[in-house]
Amino acid sequence: MEFFLLVIIALFSGVIGSVVGLGGGVILVPATLFIGNNLGYIPNITPQSVVGLSVIMMIFIGLSSTLSYMKSKTVDYKSGLIFFIGSIPGTMMGAWINKGLDLPSFNLYFGIWLIILSFILFVRDKLKPISWFVDNGIKREFIEPDGTKQVYGYPIWFAILLTFIVGLTSGLFGIGGGSLLVPAMLLLFQFPPHVAVATSMFMVFLTSLANSASHIYLGNVPWIYTLPVIIGAYIGAKIGASLNKKMKSETLVIALRIILLLLGIRSILDGLF
């Protein structure tokens with residue numbers, strides 16, 4: 001039963017993570033903790049093991065999505081590698097902090113973080129792009145299918161600092177860094193939306209490789225549950241990447257805002273009571 005449930009959860013995580021560029025952990029982590037601890041379908045599941053499971057899943061979500069986005073030529077590889085440099089020490093530190101958290105503490109902090117992410121998604125449409133980062137950093141260009149040229153950019157030092165924080169939250173909570181990175185890429189670095197999502201998933205793939213190495217070393221990966229999660233996530237990410245090309249990502253973001261808010265409130269209540 002638990003294997004079937006994990007396939008379904010991973011499938012939805014892959015779809016949502018790939019469409020919006022989040023990575024999928026924001027769905028997998030709270031859902032797995034719920035069916036494991038509240039419903040009792042996964043015995044002995046811990047915050048450490050569910051985070052380990054999530055980072056393994058995100059390798060395949062990131063890989064599946066990146067392969068799909070490569071065909072549409074929307075991945076900015078150079079930016080993705082720069083972002084990856086900053087995320088490596090962050091993921092290692094996050095994994096180290098995670099090992100000291102018990103379940104109530106993890107639920108409390110994770111719930112607070114989900115509400116913060118929900119707030120970011122709520123206000124990002126109301127904020128105006130800031131040109132300072134483009135004007136004072138390296139500039140990149142993207143040619144839209146209709147021939148329109150989009151110019152975006154960022155100071156390398158700021159990008160590395162930002163992705164260190166992204167990596168820290170990824171290692172700590174087992175979620176993709178796109179929840180922070182995509183809004184920053186859109187509002188601060190002025191990435192074209194589809195380039196932001198595609199590059200974020202490329203960075204999720206790279207970061208998850210480093211992240212999983214840390215959690216494997218710490219013994220956090222429940223290997224028996226990885227296969228159903230990998231299968232569901234890989235298929236879901238393929239579906240999500242296909243949907244991203246056909247629909248406006250904001251359609252899903254609206255629902256995701258409310259889902260993250262509700263999951264965050266529930267996680268905080270579980271942590272407190």
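As shown above, the structure is provided for reference.
As the structure is a prediction and not an experimental result, all values here were calculated from the model. Every chain is numbered independently, its residues counted from 1 as its sequence is written. Whole-chain, interface and lining totals are the exception, using all residues; otherwise, since this is a predicted model, local features are given only for residues with pLDDT of at least 70 and side-chain atom pairs are given and counted only at 80 or more. Excluding hydrogens and water, the side-chain figures rest on all heavy atoms present in the structure.

Student: Can you help me understand the overall build of the protein in this one?
Tutor: By the criteria applied, helices consist of DSSP H or I runs no shorter than four residues and strands consist of E runs no shorter than two, each listed in order from the N terminus. What the protein contains, in helices and strands, is 11 helices and 2 strands. Secondary structure elements of the protein, listed N to C terminal, follow the sequence α-α-α-α-α-α-β-β-α-α-α-α-α. Its C-alpha atoms give the protein a radius of gyration of 17 Å, within 12% of the compact-globule value 19 Å for 273 residues. Counting only C-alpha atoms and orienting by the principal axes, one finds that the protein spans roughly 55 × 35 × 30 Å. Categorising residues by exposure relies on relative accessible area from a 1.4 Å probe, with only protein chains included: less than 20% of the type maximum marks a residue as buried, more than 50% marks it as exposed, and the intermediate range marks it as partly exposed. Counting all 273 residues of the protein, 56% fall into the buried class. In this analysis, two residues are considered to be in contact whenever any of their non-hydrogen atoms come within 4.5 Å of each other. Pairs at least 24 residues apart make up 82% of the contacts formed inside the protein by residues separated by at least 6 positions. Accessible area of the protein: about 11,700 Å², with a carbon and sulfur share of 72%. Radius of gyration here is computed from C-alpha atoms only, and the compact-globule reference equals 2.2 Å multiplied by the residue count raised to the power 0.38. Shrake-Rupley sampling with a 1.4 Å probe provides the accessible areas, and residues are treated as covered by the protein chains on show and by no other component.

Student: Is there a simple way to explain the pairing of strand 1 (residues 138-143) in this structure?
Tutor: In summary, the side chains of a regular strand alternate between the two faces of the sheet. Bridging between strand 1 and strand 2 (residues 149-154) involves 6 bridges; their strand directions are antiparallel. Looking across to strand 2, one finds that Glu141 is bridged to Val151. Any two strands with at least two DSSP bridges between them are considered paired. In this structure, the hairpin formed by strand 1 and strand 2 is closed by a connection of 5 residues, where Gly147 is found at a positive phi of approximately 95°.

Student: What is the right way to read the packing of helix 4 (residues 77-98) against helix 9 (residues 193-217) from this model?
Tutor: Helices that pack against each other are described as a pair by the angle of their axes relative to one another and the distance between those axes. Two elements in contact, helix 4 and helix 9, have axes separated by 8 Å at closest approach and are oriented at 35°. As helix 4 runs across helix 9, the sense of the crossing is right-handed. In this structure, helix 4 uses Tyr77, Ser79, Gly80, Leu81, Phe83, Phe84, Ser87, Thr91, Met92, Ala95 and Asn98 to contact helix 9, whose residues at the interface are Thr199, Phe202, Met203, Leu206, Thr207, Ala210, Asn211, Ser214 and His215. Following the grouping adopted for this structure description, the nonpolar residues are Ala, Val, Leu, Ile, Met, Phe, Trp, Tyr, Cys and Pro, the charged ones are Asp, Glu, Lys and Arg, and the polar ones are all others, Gly among them. Considered class by class, the residues forming the contact of helix 4 with helix 9 number 10 nonpolar, 10 polar and no charged. Simply put, an axis is a line fit to the C-alpha atoms, just over the touching stretch for a helix, and the angle between two N-to-C directions goes from 0 to 180 degrees. Crossing chirality is assigned from the near helix's rotation relative to the far helix, an anticlockwise turn below a right angle marking it left-handed and a clockwise turn marking it right-handed.

Student: What's the story with the packing of helix 3 (residues 47-72) against helix 7 (residues 156-173) in this structure? I'm lost.
Tutor: Relative orientation of the contacting elements helix 3 and helix 7 amounts to 125°, with a least axis distance of 7 Å. For the element pair helix 3 / helix 7, the angle class is oblique. Packed against helix 3, whose contacting residues are Val51, Val55 and Met58, the element helix 7 presents Ser170, Gly171, Leu172 and Phe173 at the interface. Tallied by class, residues from the contact of helix 3 with helix 7 come to 5 nonpolar, 2 polar and no charged. Any angle between 65 and 115 degrees counts as roughly perpendicular, while under 35 counts as roughly parallel, over 145 as roughly antiparallel, and the rest as oblique.

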